[in-house]
Amino acid sequence: AAASRVFAFRDARWAPDPQLEPSAAVRSPQPVPLVIDNGSFQTRAGWACPDPSVPAEPLLRFRSLAARSRGARGGAGAETQVGNDLGSPEPLRWLLRSPFDRNVPVQLELQELLLDHVFQRLGVSSQGCVDHPIVLTEAVCNPLYSRQMMSELLFECYQVPKVSYGVDSLYSFYHNRRQNWPCSGLVISSGYQCTHILPVLDGRLDAKNCKRINLGGCQAAVYLQRLLQLKYPGHFAAITLSRMEEILHEHSYIAEDYIEELQKWRSPEYYENNVHKMQLPFSNKLLGSTLTSEEKQERRQQQLRRLQELNARRREEKLQLDQERLDRLLYIQELLEDGQMDQFHKALVELNMDSAEELQSYINKLSLSVEQTKQKILQAEVNIEVDVVDSKPETPDLDPLGSEQSLEDVESINEFEPLFAEEQPEVEKPVAAVQPVFNLAEYHQLFLGTERIRAPEIVFQPSLIGEDQAGIAETMQYVLERYPKEQQAILVQNVFLTGGNTMYPGVKARVQKELLEMRPFQSSFQVHLASSPVLDAWYGARDWAVEYMTREEGWITRKDYEEKGGEYLKEHCASNVYVPIRLPKQAPRTTEALAPSRALTSSTGNPCEQA
């Protein structure tokens, strides 16, 4: 049972997104909408097409990250990688950039990289523009400036015909509706950066009573990383954010009663039965060598063969290079013999030589070097089978010219010299296996006890990480108390949980317990969990796009953008509430205020001179 609770980190690499070829149904009889769930953790994109030949699921799913390298030393330009093309985030952690500040896109140049990746991989084959309508998710109560910049990017850069903005959690609520729409409910959406409490009345968001908690999966991963780094300082570098996210996704859970659960973990029996051991990768070199003398000899011979092949390949490359240079010098010498003095002197200047004697001396040296290299190659082919049982491999002769390639050969052999240390079989003694004073595999294990519940608990108790914020239960009670009792009873009949941070086991039971404590005696309530908390936002956006594909409700056209500005929003059942910018009107100038200026103008006589 103990061995069954040892889990290895997958450390899975992200597979690059394929280049997809869109079906003909997405363009005929008219271009269908392209649905993009623009999340701060992951971007999901796909087509909203009623045709059954088009998959009704997101075709692209990648992390909302981009990394731009500084360029190679050889002069190559900077390389930009997006999403799954990164492979693994840890080697590039210091280069990773996200367009989001919390859950609001603010870096539009990075957002453009993400959209370019989406359009390219989905095979959008429009000339100079994207002629598909776009359904895009945005944050709750999204700032007008952010929407303005996003609309400017879509309409000016991509020339989209129309766009619709909606809230991801409301799309998920729309997809999971259990009764005739419109309906009311209290949406609890917990994502990567934020947690929202959203009251929905008669199918529309009540934006005035929405509340946000600035905690989510990102803060839980950072908190778990700090806990384990303090607990295991010897494995500081191995405790990475990617591995912490894997622990949160697969080994953490929400305690129904946090204090009671901590009391359970104090029991040694409960700890032994429920602790999860995460195995870190390690090397067996510290355990001592268990190879036999024959295996050691075979390994030395393999190393020597590889070294011989490496030296042979370097000699061939050197021979080819010297032969080309020798042919070039002989061609220049022929120019002198043919009497073409102008070309001969020009060639000498290019070679930085002064006379024909210097050219001849260099030809002689190069010819000698070529002959010696050929002899070495022939000798290596003859002596390809080398017996290394009791002898140390001989160092190849140095090049008389002292070339760089010969020095490199010597250095490479010196690097392998410890591998070919002299063996004395006659004094070989049986060596007992080195017994370690501790279990090395167990030393590289992370024991997850109370950490399994501490990290996800921060959304209910932000004070665990020093945040001066209210948790989900307090915020939910605060939002409910802003309504009359009749509306409170309506809202709690449909408490809806969505978002990737609500996928922990036990989160539904915890919310039910909190509601039971805050609601009146014998009152009823219902808590529902989204069928797919991560993907239901995209599914709901697709449902809306298919239903409203031929309507004008909720779509912002290019004409609306040009007339009313980029911050303009057409509301629909899953959108934010549009609050236009109201500039204060300037007060008209009164006659008393104008009198001093008239008097001053009359005294100077010339208004232009006064100005």
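Keep in mind it's a predicted model, so treat the numbers as computed, not measured.

## Here's the deal with the overall build of the protein chain
At step 1: For the protein chain, the count of helices and strands is 20 helices and 20 strands.
At step 2: Looking at the 611 residues of the protein chain, the share that counts as buried comes to 43%.

## Considerations on the pattern of salt bridges
At step 1: Enumeration according to the criterion identifies 20 salt bridges in this entry.
At step 2: Put simply, Glu 250 and Arg 10 hold a salt bridge, and the shortest N to O gap is 2.1 Å. Highlighted residues: Glu 250 in helix α5 (residues 241-251) and Arg 10 in the loop between β1 (6-8) and β2 (34-38), separated in sequence by 240 residues.
At step 3: Between Asp 322 and Lys 318 there is a salt bridge, with its nearest N and O atoms 2.9 Å apart. Separated by four residues within a single helix, Asp 322 and Lys 318 lie in helix α8 (residues 293-337), roughly one turn from each other.

## Quick look at unusual backbone geometry
At step 1: Here Ser 28 and Pro 29 are connected by a cis peptide whose omega angle stands at 0°.
At step 2: Although it is not a glycine, Arg 102 adopts a positive phi angle of roughly 60°.
At step 3: The phi dihedral of Gln 522 falls on the positive side, at around 65°, and the residue is not glycine.
At step 4: As for its placement among the helices and strands, Gln 522 is situated in the loop between α16 (507-518) and β19 (527-529).
At step 5: By relative accessible area, Gln 522 is classed as exposed at 70%.

## A closer look at the nonpolar core
At step 1: Counting residues in hydrophobic clusters, the biggest one holds 43 residues, and the most contacted among them are Leu 228 and Val 511.
At step 2: When sequence neighbours within four positions are dropped, the list of residues in contact with Leu 228 reads Ile 239, Met 244, Ile 247, Leu 446, Leu 448 and Glu 451.
At step 3: In terms of nonpolar packing, the next biggest core, distinct from the first, is built from 37 residues, Val 32, Val 54, Phe 119 and Leu 154 among them.

## Let's talk about the packing of aromatic side chains
At step 1: All told, the structure shown has ten aromatic pairs when counted by the stated rule.
At step 2: Taking the centre distance of 4.9 Å and the plane angle of 15° together, the rings of Phe 155 and Tyr 561 count as stacked. In this pair, Phe 155 sits in helix α2 (residues 144-157) while Tyr 561 sits in helix α18 (residues 558-564), placing the two residues 406 residues apart along the sequence.
At step 3: What makes Tyr 561 buried here is its relative accessible area of 12%.
At step 4: Considering the side-chain rings of Trp 544 and Tyr 548, the 4.9 Å spacing of their centres and the 15° angle between planes classify their relative orientation as stacked.
At step 5: In this structure Tyr 548 comes out as buried when scored by relative accessible area, which is 9%.
At step 6: Each residue in the set Trp 265, Tyr 270 and Tyr 271 is aromatic and connected to the rest through ring pairs, giving one cluster.
At step 7: Here the guanidinium or amino end of Arg 551 rests over the ring plane of Tyr 548, the centre of that ring lying 4.5 Å away.

## Some remarks on the environment of Arg 70
At step 1: Along the chain, Arg 70 falls in the loop between β5 (66-68) and β6 (80-82).
At step 2: We classify Arg 70 as exposed; its relative accessible area is 76%.
At step 3: Spatially, the C-alpha atoms of Arg 70 and Thr 80 are 9.3 Å apart, while their sequence positions differ by ten residues.
At step 4: Non-local contacts of Arg 70, meaning those with residues more than four positions away in its chain, are made with Ala 78 and Trp 94.

## Comments concerning the UniProt feature "coiled-coil region" (unreviewed entry) in the protein chain
At step 1: Per the UniProt annotation, the sites labelled "coiled-coil region" (unreviewed entry) are residues 293-327 and 356-383.
At step 2: Along residues 293-327 the backbone is 100% helical and 0% strand, and the end-to-end C-alpha distance reaches 51 Å.

## Overview of the pairing of strand β12 (residues 185-190)
At step 1: Extensive coverage of β12 is indicated by the burial of six of its six residues.
At step 2: Residues of β12 alternate between two faces, with Gly 185, Val 187 and Ser 189 on one and Leu 186, Ile 188 and Ser 190 on the opposite face, all of them buried.
At step 3: Here six bridges tie β12 to strand β13 (residues 195-201), and the two strands are oriented antiparallel to one another. Bridge pairing links Val 187 to Leu 198 in β13.
At step 4: Hairpin connection of β12 to β13: four residues between the antiparallel strands.
At step 5: Where β12 and strand β18 (residues 495-498) come together, four bridges link them in parallel fashion. Looking at β18, one finds that Val 187 is bridged to Phe 496.

## Some remarks on the packing of helix α14 (residues 472-480) against α16
At step 1: It is at 10 Å that the axes of α14 and α16 come closest, and there the two elements cross at 50°. On the basis of their axis angle, the class for α14 and α16 is oblique. For the element pair α14 and α16, the recorded crossing hand is right-handed. Facing α14, whose interface residues are Ala 473, Met 476, Gln 477 and Leu 480, α16 presents Val 511, Glu 514, Leu 515 and Met 518.
At step 2: Residue composition of the contact of α14 with α16, grouped by class: six nonpolar, one polar and one charged.

## Examining the sheet that holds β1
At step 1: In spatial order, the strands read β1-β16-β17; together these three strands make up an open sheet with mixed pairing. Edge positions in the sheet fall to β1 and β17 (445-448), since each of these pairs with one other strand and no more. Pairwise comparison of adjacent strand axes, ignoring direction, gives a mean angle of 30° for this sheet.
At step 2: Of the strand pairs in this sheet, β1 and strand β16 (residues 276-279) are connected by three bridges, and their pairing is parallel. Bridging from a neighbouring strand, Ala 8 pairs with Gln 279 of β16.

## Quick word on the confidence of the model for the protein chain
At step 1: Per-residue confidence for the protein chain gives a mean pLDDT of 84; residues scoring 70 or more make up 83%.
At step 2: Here residues 386-408 is a poorly scored stretch, pLDDT under 50, and it has 32 contacts once near neighbours within four places are set aside; other chains count.
At step 3: Per-residue pLDDT stays below 50 along residues 592-611; that stretch engages in six contacts with residues further than four places along the chain or on separate chains.

## Description of the packing of helix α3 (residues 168-175) against helix α17 (residues 536-547)
At step 1: Two elements in contact, α3 and α17, have axes whose closest approach is 7 Å; the angle formed by their N-to-C orientations is 75°. On the basis of their axis angle, the class for α3 and α17 is roughly perpendicular. Listed contacts from α17 to Asp 168, Tyr 171, Ser 172, Tyr 174 and His 175 of α3 are Asp 536, Ala 537, Tyr 539, Gly 540, Ala 541, Asp 543, Trp 544 and Glu 547.

## Considering the sheet that holds strand β11 (residues 162-167)
One key point about sheets: their strands pair by backbone hydrogen bonds, in either a parallel or an antiparallel sense.
At step 1: Pairing within the open sheet is mixed, and its six strands lie in the order β4-β3-β2-β10-β11-β20. In this open sheet, the two edge strands, each paired with only one partner strand, are β4 (60-63) and β20 (556-557).
At step 2: By the bridge criterion, five bridges tie β2 to strand β3 (residues 42-47) in an arrangement that is antiparallel. Bridged to Asn 38 within β3 is Thr 43.
At step 3: Along the sheet face, α2 touches β2, β10 (134-138), β11 and β20 and points at about 145° away from the line of β11.

Rules and cut-offs
- The residue numbers shown here count from 1 along each chain, following its written sequence.
- Given that this is a predicted model, residues contribute local features only at a pLDDT of at least 70 and side-chain atom pairs are listed and counted only at 80 or more, while totals for whole chains, interfaces and linings are drawn from all residues.
- Each side-chain value is derived from all of the structure's non-hydrogen atoms; neither hydrogens nor water enter the calculation.
- Under the scheme used here, helices are H or I runs from DSSP no shorter than 4 residues and strands are E runs no shorter than 2 residues, and both carry numbers assigned from the N terminus.
- Each residue's exposure class comes from its accessible area (1.4 Å probe, protein chains only) as a fraction of the maximum for that residue type: buried when under 20%, exposed when over 50%, partly exposed otherwise.
- We define a salt bridge as a contact between a side-chain nitrogen of Lys or Arg and a carboxyl oxygen of Asp or Glu at a distance within 4 Å.
- The nonpolar core is taken to be a set of buried Ala, Val, Leu, Ile, Met, Phe, Trp, Tyr and Cys residues, with the residues joined through side-chain atoms within 4.5 Å.
- Note on definitions: a residue-residue contact is assigned when non-hydrogen atoms from the two residues lie within 4.5 Å.
- Here is the rule: rings of Phe, Tyr and Trp (six-membered ring for Trp) pair when centre to centre is within 6.5 Å. Planes less than 30 degrees apart are stacked, more than 60 are edge-to-face, and the remainder are tilted.
- Consider the ring centre and the ring normal. A charge sits over the ring if Lys NZ or Arg CZ is within 6 Å of that centre and within 35 degrees of that normal.
- UniProt positions are given in the numbering used here, feature names are shortened, and annotations may be inferred rather than shown by experiment.
- A strand pair is defined by DSSP finding two or more bridges across the two strands.
- The axes used here are C-alpha line fits, helices contributing only the stretch in contact, and every angle between their N-to-C directions lies in the interval 0 to 180 degrees.
- When describing relative orientation, an angle under 35 degrees is termed roughly parallel and one over 145 degrees roughly antiparallel, while 65 to 115 degrees is termed roughly perpendicular and anything else oblique.
- For any helix crossing, the convention is left-handed if the near helix is rotated counterclockwise from the far helix by under a right angle, and right-handed if that rotation is clockwise.
- Just so you know the grouping, Ala, Val, Leu, Ile, Met, Phe, Trp, Tyr, Cys and Pro go in nonpolar, Asp, Glu, Lys and Arg go in charged, and all remaining residues, Gly too, go in polar.
- Known as pLDDT, the predictor's per-residue confidence is scaled from 0 to 100.

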